[in-house]
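Architecture at a glance
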Amino acid sequence: MQRCVLTLYSYDEKPEDISPGNVLRQTLELTAKMPILAVYAYNTYLHFRKGEMLMIRNPQKGLSLAENFLQMLRPDGKYTELEAKVLDIALILHAEHGGGNNSTFTTHVVTSSGTDTYSSIAASLGSLKGPRHGGANLKVQHMFADIKEHIEDWKNEAEVEAYLKKILDKQAFDHSGLIYGMGHAVYTLSDPREVILKKFARKLAEEKDMMEEFALYELVERLAGRLIMNQRKMFKNVCANVDFYSGFVYTMLGILEELFTPLFAIARMPGWSAHRLEELINASKIIRPAYKYVGVHTDYIPIEGR
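These numbers come from a predicted model, not from an experiment. (Residues numbered from 1 in each chain as written. Predicted model: local features only at pLDDT ≥ 70, side-chain atom pairs only at ≥ 80, totals over all residues. Heavy atoms only, no water.)

1. Notes on helix H6 (residues 117-128)
With 12 residues, H6 ought to run about 16 Å at 1.5 Å a step, and its terminal C-alpha atoms sit 17 Å apart, in line with that. Of all 12 residues in H6, nine are buried, a share of seventy percent or more. The opening residue of H6, the one whose side-chain oxygen lies 3.0 Å from the backbone nitrogen of tyrosine 118, is aspartate 116. (Helix = DSSP H or I, 4+ residues; strand = E, 2+ residues; numbered from the N terminus. Expected span 1.5 Å × (residues − 1). Buried < 20%, exposed > 50% of the residue type's maximum accessible area, 1.4 Å probe, protein only. Polar contact = N/O pair within 3.5 Å; in protein donor to acceptor, adjacent residues only side chain to side chain.)

This is the structure in structure tokens:
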């Protein structure tokens, strides 16, 4: 996707024009093209890496971004109204979350240099690719796969709690001591995005006959916050964040893991666009962070004879 975005520079008649009107045009076009880039790249990956038939389905006028994504991705091009609705909600919830997140800050920093739109968005994609940013919901999925593998009874609260304690004690899963999808730098009582997505995850689980798995997610969410607070001796509440259910939603939609982060990029494109325009309109200086050395200072001792 990053390479494709940079390639689009060559097809733009005014790629270097950073006037607000032209940048608005560029970002609107990129927002519309991102799902196509993701699906086509994925289908090409399946063809050349896994030997599957190359499938190219054109987007249809009149369909929403989510509807087109599903109909281009699936071999039969079919989807339910609820599936399209849930994907649309998920994309909206991931679209923007303040200028402090890593990829959006990248947009500001690179835009402040005066570079073109395609270079700026390519840099943001590079930031989002990192597992600490765009790969968060993938970590949640891997964690739940591990939990399901090691717990016999998903409804046994004591068994689930005991295994979560092992994860926190770095004795299970990836030995990081983290329960992924729990906690947020800003939200404590609840992440409003997670609250909304959870409601739609439940509806989709009912349609897909996956309520048993949804119940496991709900149980882990209920137990994990308290366990984290107790272990770290925290007084503020620890809530689930939007990544807790997003990977589960994508899985129920039949979207494979390789597309999780590209979907995040599709969702974030409108947010990056708004921040790029804001930086261009309101700022006149390049963002240049300063660094302060905090290491050990030692006196200079000259070597004899030099």
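2. Observations concerning the layout of surface pockets
Taken as a whole, the largest pocket encloses approximately 870 Å³ of empty space. Residue lining of the largest pocket: 35 residues in total, with Arg132, Ala136, Gly183, Asn241 and Asp243 positioned closest to the centre. Secondary-structure elements contributing two or more residues to the lining of the largest pocket are helix H7 (136-150), helix H10 (211-232) and helix H12 (260-282). Here the element with the most residues in the lining of the largest pocket is H7; it accounts for three residues. By volume, the second largest pocket amounts to about 720 Å³. The wall of the second largest pocket is formed by 20 residues, among which Met1, Gln2, Lys129, Glu258 and Pro262 lie closest to the centre. Top element by residues in the lining of the second largest pocket is helix H2 (residues 20-50). It accounts for five residues. Of the residues belonging to the lining of the second largest pocket, the class tally is 12 nonpolar, three polar and five charged. (1 Å grid on protein atoms, 1.4 Å probe; cavity = no way out; pocket = protein on both sides within 12 Å on 5 of 7 lines; lining within 4 Å. Points joined across faces, edges and corners; volume = space filled by probe spheres on them. Nonpolar A, V, L, I, M, F, W, Y, C, P; charged D, E, K, R; others polar.)

3. A few points about the packing of aromatic side chains
On inspection of all chains with the given rule, the structure shows 11 aromatic pairs. Look at tyrosine 217 and phenylalanine 244: their rings are 5.9 Å apart centre to centre, the planes differ by 85°, and that puts the pair in the edge-to-face class. Here tyrosine 217 is found in helix H10, whereas its partner phenylalanine 244 is found in helix H11 (residues 243-252), with 27 residues between them in sequence. Classification of tyrosine 217 by relative accessible area gives buried; the value is 0%. In this structure an aromatic cluster arises from ring pairing among Phe144, Phe214, Tyr217, Phe244, Tyr245 and Phe248. (Phe/Tyr/Trp six-rings, centres within 6.5 Å; stacked < 30°, edge-to-face > 60°.)

4. Comments concerning H2
Its 31 residues give H2 an end-to-end C-alpha distance of 43 Å, which sits within 8% of 45 Å, the value for a rise of 1.5 Å per residue. Along H2, the sharpest change in direction is near 35° and occurs at lysine 33; proline proline 35 comes one to four residues later. One or two residues past the end of H2 sits glycine 51, with phi positive at roughly 75°. (Bend = angle between axes of the 7 residues up to and from the residue.)

5. Here we look at the packing of helix H5 (residues 102-111) against H12
Between H5 and H12, the least distance of the axes is 9 Å, while the angle of their chain directions is 35°. Relative to H12, the crossing made by H5 is right-handed. Within the contact between the two elements, H5 uses Ser103, Thr104, Thr107, His108 and Thr111 and H12 uses Arg268, Trp272, His275, Arg276, Glu278, Glu279 and Leu280. Of the residues assigned to the contact of H5 with H12, the class counts are two nonpolar, six polar and four charged. (Axes fitted to C-alpha atoms, helices over the stretch in contact; angles between N-to-C directions. Left-handed = near helix turned anticlockwise from the far one by under 90°. Contact = heavy atoms within 4.5 Å.)

6. Focus on the pattern of salt bridges
If charged atoms from side chains of opposite charge come close, those side chains can pair. Following the criterion strictly, the structure yields 13 salt bridges and no others. Arginine 25 is paired through a salt bridge with glutamate 29; the nearest N and O atoms lie 3.3 Å apart. In this pair, arginine 25 and glutamate 29 both sit in helix H2, four residues apart, roughly one turn of the helix. Here arginine 25 falls in the partly exposed class, since its relative accessible area comes to 29%. (Salt bridge = Lys/Arg side-chain N within 4 Å of Asp/Glu carboxyl O.)

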